[in-house]
Amino acid sequence: MARLLRILCGLVVALALAACGADSKWAPQEQVDAMRFVAGPPTYITLYTVVNTRTGSGAHSAILVNASERVIFDPAGTWYHPKLPERNDVHFGMSDKAVAFYLDYHTRITYNTIEQTVYVSPEVAELVLARVKAYGAVPKAMCTQATSSILRGVPGFESLPQTFYPRKLSEAFGRLPGVTTRVVTDDDADDNHGVLMRQRDGTLL
């Protein structure tokens, strides 16, 4: 019993450590303005869910928002691009090439990425954009909690659960009216170093 209690206490401490220390970044306004990317209509929300190909379990959640500008909210994420400004897990300047970089980074032989898109009104898209910008830096292991918290407070997304589990959120999102889904796969090795090197040397056009 004492050994079991020590193990449980250790797990609690480990989870507490994982959930603290959010990485706060705040790019200067001139950088944000310079890299602002406008894709134009239609306006939409895309949920990205990274899934372990061996276990089927969810590993990460993020939201791409196409409103008056296109950004990605990548809570507690490890992806970055040296040319893209970031403010508290919101990456600006998400051109088609930047989105492709994001998908390439997460998708490899050990992980698939589920891409689920739903078209929304410009007003709803702007509301989600405002909510991701206002949310703040997200602690480790809290990506889906942050993602689900943002979405379920928006008209049309009330049915989504407040959850820590990426697959649970993805399954609920997939039941929304009009959602289109695709699964992105890649046979790249399970090493992101090469991907980040290609991104660093590549253009965002």
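Look above for the structure.
On to the side chain of His60. With respect to the secondary-structure elements, His60 resides in strand β2 (residues 58-66). For His60, a relative accessible area of 8% translates into the label buried. Within the local environment of His60, its side chain forms a polar contact with the side chain of Asp74, the two groups lying 2.7 Å apart. Those residues in contact with His60, other than ones at most four positions away along the chain, are Tyr48, Thr49, Val50, Asp74, Pro75, Ala76, Gly77, Tyr102, His106, Cys143 and Pro166.

With that settled, the discussion passes to the nonpolar core. The biggest cluster of nonpolar side chains holds 31 residues, and the ones touching the most others in it are Ile45, Val65, Phe157 and Phe173. Put simply, the parts of the chain that give this core at least two residues each are β1 (44-52), β2, β3 (70-73), α4 (122-135), α5 (143-151) and α6 (166-174). At five residues, α4 tops the list of elements feeding residues into this core. Contacts of Val65, omitting those with residues within four sequence positions, involve Tyr44, Ile45, Arg70, Val71, Ala125, Val128, Leu129 and Val132. One finds Tyr48, Ala62, Ala98 and Leu103 within the second-largest nonpolar core, a separate group that totals 14 residues.

Moving on: the layout of surface pockets. Volume-wise, the largest pocket comes out at about 230 Å³. Around the largest pocket sit 14 residues that line it, and Ala59, His60, Gly77, Thr78 and His106 are the ones nearest its centre. Going through the elements one at a time, β2 and α3 (96-106) are the ones with two or more residues in the lining of the largest pocket. Of the residues in the lining of the largest pocket, the class split is eight nonpolar, five polar and one charged.

Further remarks concern the pairing of β1. Looking down a regular strand, the side chains alternate between one sheet face and the other. With nine of its nine residues buried, β1 lies for the most part within the structure. Burial of β1 is two-sided: the residues Tyr44, Thr46, Tyr48, Val50 and Asn52 facing one way and the residues Ile45, Leu47, Thr49 and Val51 facing the other way are all buried. Taken together, the eight bridges between β1 and β2 define a ladder with antiparallel strand orientation. Paired with Thr46 across the bridge in β2 is Leu64. Where β1 folds back on β2, the antiparallel hairpin that results is connected by five residues, among which Gly56 adopts a positive phi of roughly 80 degrees. Sheet topology places β1 next to strand β6 (residues 111-119); nine bridges connect them, and they run antiparallel. Bridge pairing in β6 links Asn52 to Tyr111.

Side chains Arg70 and Ile72 of β3 all project onto a buried face; the interleaved residues Val71 and Phe73 project onto the opposite face, where all are buried too. Where β2 and β3 come together, four bridges link them in antiparallel fashion. When the sheet's bridge partners are listed, Leu64 is paired in β3 with Ile72. Here β2 folds back onto β3 in antiparallel fashion, the turn holding three residues. Sheet topology note: the β3/strand β5 (residues 90-91) ladder contains two bridges and is antiparallel. Paired with Phe73 across the two strands is Val90, which belongs to β5.

This part covers the pattern of salt bridges. All told, the structure shown has five salt bridges when counted by the stated rule. Taking the shortest distance from any N to any O, the salt bridge between Glu86 and Lys25 comes out at 3.5 Å. Placement of the pair is Glu86 in strand β4 (residues 86-87) and Lys25 in the loop between α1 (2-18) and α2 (29-35), with a sequence separation of 61 residues. Overall, Glu86 belongs to the buried group, its relative accessible area being 12%. With a relative accessible area of 33%, Lys25 lands in the partly exposed category. Linking Arg182 and Glu115 is a salt bridge whose minimum nitrogen-to-oxygen distance equals 2.6 Å. Of this pair, Arg182 sits in strand β7 (residues 180-184) while Glu115 sits in strand β6, and the two are 67 residues apart along the sequence. A relative accessible area of 14% places Glu115 in the buried class. Each of Arg36, Glu69 and Lys133 takes part in one network of salt bridges that share partners.

The rules behind these values
- Residues numbered from 1 in each chain as written.
- Predicted model: local features only at pLDDT ≥ 70, side-chain atom pairs only at ≥ 80, totals over all residues.
- Heavy atoms only, no water.
- Helix = DSSP H or I, 4+ residues; strand = E, 2+ residues; numbered from the N terminus.
- Buried < 20%, exposed > 50% of the residue type's maximum accessible area, 1.4 Å probe, protein only.
- Polar contact = N/O pair within 3.5 Å; in protein donor to acceptor, adjacent residues only side chain to side chain.
- Contact = heavy atoms within 4.5 Å.
- Core = buried A, V, L, I, M, F, W, Y, C linked by side-chain atoms within 4.5 Å.
- 1 Å grid on protein atoms, 1.4 Å probe; cavity = no way out; pocket = protein on both sides within 12 Å on 5 of 7 lines; lining within 4 Å.
- Points joined across faces, edges and corners; volume = space filled by probe spheres on them.
- Nonpolar A, V, L, I, M, F, W, Y, C, P; charged D, E, K, R; others polar.
- Pairing = 2+ DSSP bridges.
- Salt bridge = Lys/Arg side-chain N within 4 Å of Asp/Glu carboxyl O.

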